[in-house]
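Letter by letter, the chains look like this.
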Amino acid sequence: MLRSLSELFGYDMKAIDGKAGKVDDFYFDSLSWVIRYVVMDTGSWLTGRKVLVAPEALDRPDWEFRRIPTRLSQEQIEQSPSVDLEKPVSRQKEEEVLRHFGWRFYWNTADPFFPGHAVRTIPVLRELEEEQEKKEPAHDPHLRSADEVMGYHIAAVDDDIGHLEDLIIEDEFWLVRYLVVDTKNWLPFSKKVLVSLDWVEGVSYDKQRIKVGVTREKIENSPEYDPSTAVNRAYEVRLYDFHGRPKYWL
């Protein structure tokens, strides 16, 4: 099912033997835009620690009661490696976390998490000066904060058209499927539209800009997205037919 990612912020996370924390953020892979971790804030029961939780440790979200059950015990969470999220998460730190919980190293093998679902590679546009790149700290910049990219400018083929308001994910595979674009600062009227991840041509994290292969006029006239209504297949058909693009589910 397709769901708003921002809706999940603040959801309760439950351990198998009690409370665990709340959803604080998400880390996604900057190339595939697959959600790799939920950032869980453990709150008062564990002195406010933040823990990375892989989707394979999660059960389906309970949308009615705003909670996400996990397959983790409080002891596993309490003994998990500490992660300084003020700094980029290195591959070494990921390995430490994955070993502790017994999760798979997703970068070593073909990803079995997406049967029948093609996962696109989104180019990361490098726009730093050469000297700045040399000074860049030694880390793996493949993990990005979902909270951090909210507000990024959306650049259409011919001009800027809006900013990133939200992400729409498949809650079964934790895969970003759509960008929610808000045009209120670029058009005389406020309108939210969806842009498929398949139409994204690249992302500049330095300039906080997402480049999409769609014209400004197409986005302006695209079927409007209503955040109060779940995205269904009928809406997706209208959206893809309007843009004349091949449908990912086919």
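Residues numbered from 1 in each chain as written. Predicted model: local features only at pLDDT ≥ 70, side-chain atom pairs only at ≥ 80, totals over all residues. Heavy atoms only, no water.

1. Thoughts on the side chain of D25
Part 1 of the argument: Tracing the sequence through the fold places D25 in strand 3 (residues 18–29).
Part 2 of the argument: Although buried, D25 forms no salt bridge, and the nearest oppositely charged side chain, K50, lies 7.5 Å from it.
Part 3 of the argument: A distance of 3.0 Å separates a polar side-chain atom of D25 from the backbone nitrogen of D147.
Part 4 of the argument: Apart from residues no more than four positions distant in its own chain, D25 is found in contact with F9, Y37, V38, V39, S145, A146 and D147. (Helix = DSSP H or I, 4+ residues; strand = E, 2+ residues; numbered from the N terminus. Buried < 20%, exposed > 50% of the residue type's maximum accessible area, 1.4 Å probe, protein only. Lys, Arg positive; Asp, Glu negative; His and termini not counted. Salt bridge = Lys/Arg side-chain N within 4 Å of Asp/Glu carboxyl O. Polar contact = N/O pair within 3.5 Å; in protein donor to acceptor, adjacent residues only side chain to side chain. Contact = heavy atoms within 4.5 Å.)

2. So, helix 6 (residues 233–243)
Part 1 of the argument: The complete set of buried residues in helix 6 reads Y235, E236, L239, Y240 and H243. Looking straight down helix 6, one finds that the buried residues subtend no more than 125° of arc, so they occupy a single side.
Part 2 of the argument: Two to three positions downstream of the cap, the backbone nitrogen of A234 sits 3.3 Å from a side-chain oxygen, assigning the N-cap of helix 6 to N232.
Part 3 of the argument: Looking one or two residues past helix 6, G244 carries a phi angle of roughly 65°, positive in sign. (Arc of directions from axis to C-beta.)

3. Description of the packing of aromatic side chains
Part 1 of the argument: The tally for this structure, following the rule as stated, stands at twelve aromatic pairs.
Part 2 of the argument: Ring centres 4.6 Å apart and planes at 40° place the aromatic pair F28 and W33 in the tilted group. Like W33, F28 is buried.
Part 3 of the argument: Among the aromatic side chains, those forming a connected cluster through ring pairs are W199, Y240, Y248 and W249.
Part 4 of the argument: The residue whose ring lies beneath R144 is Y205, and the NZ or CZ to ring-centre distance is 4.0 Å. (Phe/Tyr/Trp six-rings, centres within 6.5 Å; stacked < 30°, edge-to-face > 60°. Lys NZ or Arg CZ within 6 Å of the ring centre and 35° of its normal.)

4. So, helix 2 (residues 91–101)
Part 1 of the argument: Regarding helix 2, the residues found buried are E94, V97, L98 and F101. In an axial view of helix 2, the angular spread of the buried residues amounts to 95°, which keeps them on one side of the axis. Opposite the buried face of helix 2, at more than 90 degrees from it, the exposed residues are Q92 and R99.
Part 2 of the argument: On its buried face, helix 2 is in contact with strand 4 (35–41), strand 5 (50–53), helix 1 (74–78) and strand 7 (143–145).
Part 3 of the argument: Looking one or two residues past helix 2, G102 carries a phi angle of roughly 75°, positive in sign.

5. Focus: the side chain of K191
Part 1 of the argument: Mapped onto the secondary structure, K191 falls in the loop between strand 10 (175–182) and strand 11 (192–196).
Part 2 of the argument: Put simply, K191 is tucked away with no salt bridge, and the nearest opposite charge, on E224, sits 5.5 Å away.
Part 3 of the argument: Among the polar contacts listed, one links the side chain of K191 to the backbone oxygen of E220, at a separation of 2.8 Å.
Part 4 of the argument: With near-sequence residues (within four places) excluded, K191 lies in contact with V181, D182, T183, E220, N221, S222 and E224.

6. Here we look at the pairing of strand 11
Part 1 of the argument: Strand 11 sits mainly inside the fold: four of its five residues count as buried.
Part 2 of the argument: As judged from the five bridges shared by strand 10 and strand 11, these two strands associate in the antiparallel manner. Note that in strand 11 the partner of V181 across the bridge is V193. (Pairing = 2+ DSSP bridges.)

7. Observations regarding the nonpolar core
Part 1 of the argument: Grouped together as the largest cluster of nonpolar side chains are 71 residues, with contacts concentrated most on W33, L179 and I210.
Part 2 of the argument: In this structure W33 touches F28, I122, L167, L175, V176, L179, L197, V203, Y205 and I210, once residues within four positions along its chain are discounted. (Core = buried A, V, L, I, M, F, W, Y, C linked by side-chain atoms within 4.5 Å.)

8. Here we look at the pairing of strand 4
Part 1 of the argument: By the criterion of burial, strand 4 is predominantly enclosed, with six of the seven residues buried.
Part 2 of the argument: The antiparallel hairpin formed by strand 3 and strand 4 contains five residues in its connecting segment, where W33 sits at a positive phi of about 60°.
Part 3 of the argument: One ladder, built from four bridges, connects strand 4 with strand 5; its direction is antiparallel. Its bridge partner being in strand 5, V38 is matched across the sheet by V53.

Remember that the coordinates give geometry; whether it matters functionally is a separate question.
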